[in-house]
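A structural walkthrough
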Amino acid sequence: RHDPVFAAVDLGATSGRVITGRVSPDELVLTEVHRFANTPVRLPDGLRWDVLSLYQGMLDGLRAAARSGPVTSVGIDTWAVDYGLLDSDGALLGLPFHYRDGRNASASDAVLAVCGAQELYAVSGLQHLPFNTVFQLAAHRSTAQWEAARTLLLMPDLLVYWLTGTVGAEVTNASTTGLFDARTGTWSDALIGRLGLERSLFPPLREPGDPAGTLLPHVSEFTGLPAGTPVTAVASHDTASAVAAVPASEPGFAYVSCGTWSLAGLELDAPVLSEESRAANFTNERGVDGTVRYLRNIMGMWLLEECRRTWEREGGSPSLAGLLADAARARPFAAVIDPDDPVFLAPGDMPSRIDAVLTGTGQAPPDGPGGYVRCVLESLALAHRRTLRRAAQLAGRELSRIHLVGGGSRNELLCQWTADATGLPVTAGPAEATALGNVLLQARAHGLVGGTADTRRLVARTQELRHYTPQGDPGAWDRAADRLGPARV
Ligand code: LRH
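Predicted, not measured: the structure shown is a model, and the values here were computed from it. (Residues numbered from 1 in each chain as written. Predicted model: local features only at pLDDT ≥ 70, side-chain atom pairs only at ≥ 80, totals over all residues.)

**What to know about the pairing of strand 2 (residues 15–24)**
- Burial within strand 2 is extensive, with seven of its ten residues counted as buried.
- The pairing of strand 1 (residues 5–11) with strand 2 spans seven bridges and is classified as antiparallel. In the sheet register, alanine 7 faces strand 2, and the bridge partner there is threonine 20.
- Between the end of strand 1 and the start of strand 2, which pair antiparallel, lie three residues.
- Note: strand 2 against strand 3 (residues 27–37), ten bridges, orientation antiparallel. What sits directly across from valine 23, in strand 3, is leucine 28.
- In textbook terms, the turn of a hairpin is the stretch between consecutive antiparallel strands, and for strand 2 and strand 3 this stretch comprises two residues. (Buried ≥ 20, exposed ≤ 12 C-beta atoms within 10 Å, placed from the backbone. Helix = DSSP H or I, 4+ residues; strand = E, 2+ residues; numbered from the N terminus. Pairing = 2+ DSSP bridges.)

This is the structure we're talking about:
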């Protein structure tokens, strides 16, 4: 059998992977052929992505993919908002900043002074996060590089450019810039003009499924992929790829795409741009086929990952399995935090920051790693609950089920507690939703699967899913939620 194989490049905040996906009408097999670290570097002027090592990791991965057999096409997805600037020769100006760099807070004030939050939201429908591209650009404008900049490429588009020499902006990720019109699905000339940005910085848009060029000769030579191998624009925002692969069939589903971030929300046909929605900071990011990803960012597994990095730096290296077993035994609801407190955004000592927040809210800090992990996971379950309930209210929907996808879906405590806190059944998996979404969009572009409904059926049929029903005393979750005071959402 020679089922077509697609190579998915999926770069996450802590690692990058190249995965091959073999697709047939009733089979969908992913194989990770290469994994590499994504280690940001702090330079004197800020925290940067090591984009050359990511590029090299991707090339090595494509070479491994080529060795494993014929590859029909390549697709790339990464996290959102970050970008590189090219000069008039097409050369990259400096290393892209990391969205967790601290320079953006004051820049966002400068933007909001020119264009109010209401005006921005009415057009872009984007949640306010201090690192939205529009704010990062305001910080970038005071640098010498800015004068030389002619083209802005978001991370996946930059990597596509290096593979193929073609320039474009894929829409699902463009929708996270703050300069994209959520109603029309195009760059907002109005906002770009109002903020005094050059319209020519922003490349022509690509829809998921559009061709994005073919491999340059030196790329083909290095990787061993044949000359002419196509690169396909996928839903290049990782969250959009993940949502496209949510194995849902019923209309009332909600999703939590859970990795470094928890992205919790609904899929809608049209944006919700009301003042209430803006005040609750819900975003209207673009999905496949013009759908709207109506969601909020929740700080996610970052809290746990950053706790573990802190413990490792201090010489301990508790295994994840051990930590989760300790968390399961720790006292329930001993400590709850709002995971979205901005103090948690930057890299650094996470347990100390949790202590400070707990002390500030009259709660005692946990007395061991298991206690911190319990605090983080219960707090995330509570954040899933209030975010999804509010999303449903604002969009006028009834919820019937939560699909928890992404790496966090492997965490049984988080899945069970999300079910318990919300009172809704949770279907967990696939953990590889983003890579599946990437592969299946390519398969669709090559005529192997139909639309999103087909994609989702294929995922549901072929991937291992787990089901959680709500258990325990729902009142305990209500009381824990009350302890957090008036919710930000
Ligand atoms: C998740 C994600 C999320 C963005 C963030 C910057 O990886 O793409 O959707 O908000 O990274």
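**A few points about the environment of arginine 293**
- Inspection of the secondary structure puts arginine 293 in strand 18 (residues 292–298).
- Measuring from C-alpha to C-alpha, the distance between arginine 293 and tyrosine 255 comes to 9.9 Å, with 38 residues separating the pair along the chain.
- In this view, arginine 293 contacts Thr239, Ala240, Val243, Gly265, Glu267, Glu285 and Gly287; residues no more than four positions away in its chain are not counted. (Contact = placed C-beta atoms within 7 Å.)

**A few points about the sheet that holds strand 17 (residues 283–286)**
- Read across the sheet, seven strands follow the order 17-18-16-15-19-20-21 without closing on themselves; strand pairing throughout is mixed. In this open sheet, the two edge strands, each paired with only one partner strand, are strand 17 and strand 21 (466–468). The mean inter-strand angle of the sheet, taken between neighbouring strand axes irrespective of direction, is 30°. (Axes fitted to C-alpha atoms, helices over the stretch in contact; angles between N-to-C directions.)

**Side note on the confidence of the model for the protein**
- Scored by pLDDT, the protein has a mean of 96; 99% of the residues are at 70 or more.
- Per-element confidence in the protein is highest for strand 6 (residues 73–77), whose mean pLDDT is 99, and lowest for helix 2 (residues 104–114), whose mean pLDDT is 88.
- Across the whole predicted complex the pTM is 0.97, and at the interface the ipTM reaches 0.99. (pLDDT = per-residue confidence, 0-100.)

**Considering helix 15 (residues 369–395)**
- Helix length check: helix 15 (27 residues) gives 39 Å between terminal C-alpha atoms against 39 Å at 1.5 Å per residue, within 8%.
- With 21 of 27 residues buried, helix 15 lies mostly within the body of the structure.
- Glycine 396 lies just past helix 15 and shows a positive phi near 65°. (Expected span 1.5 Å × (residues − 1).)

**Overview of helix 1 (residues 51–67)**
- A rise of 1.5 Å per residue sets the reference length of helix 1, with its 17 residues, at 24 Å; its end C-alpha atoms lie 24 Å apart and thus fit the reference within 8%.
- Among the residues of helix 1, Val51, Leu54, Gly57, Met58, Leu59, Gly61, Leu62, Ala65 and Ala66 are the ones counted as buried.
- Of the residues trailing helix 1, glycine 69 is marked for its positive phi of about 140°.

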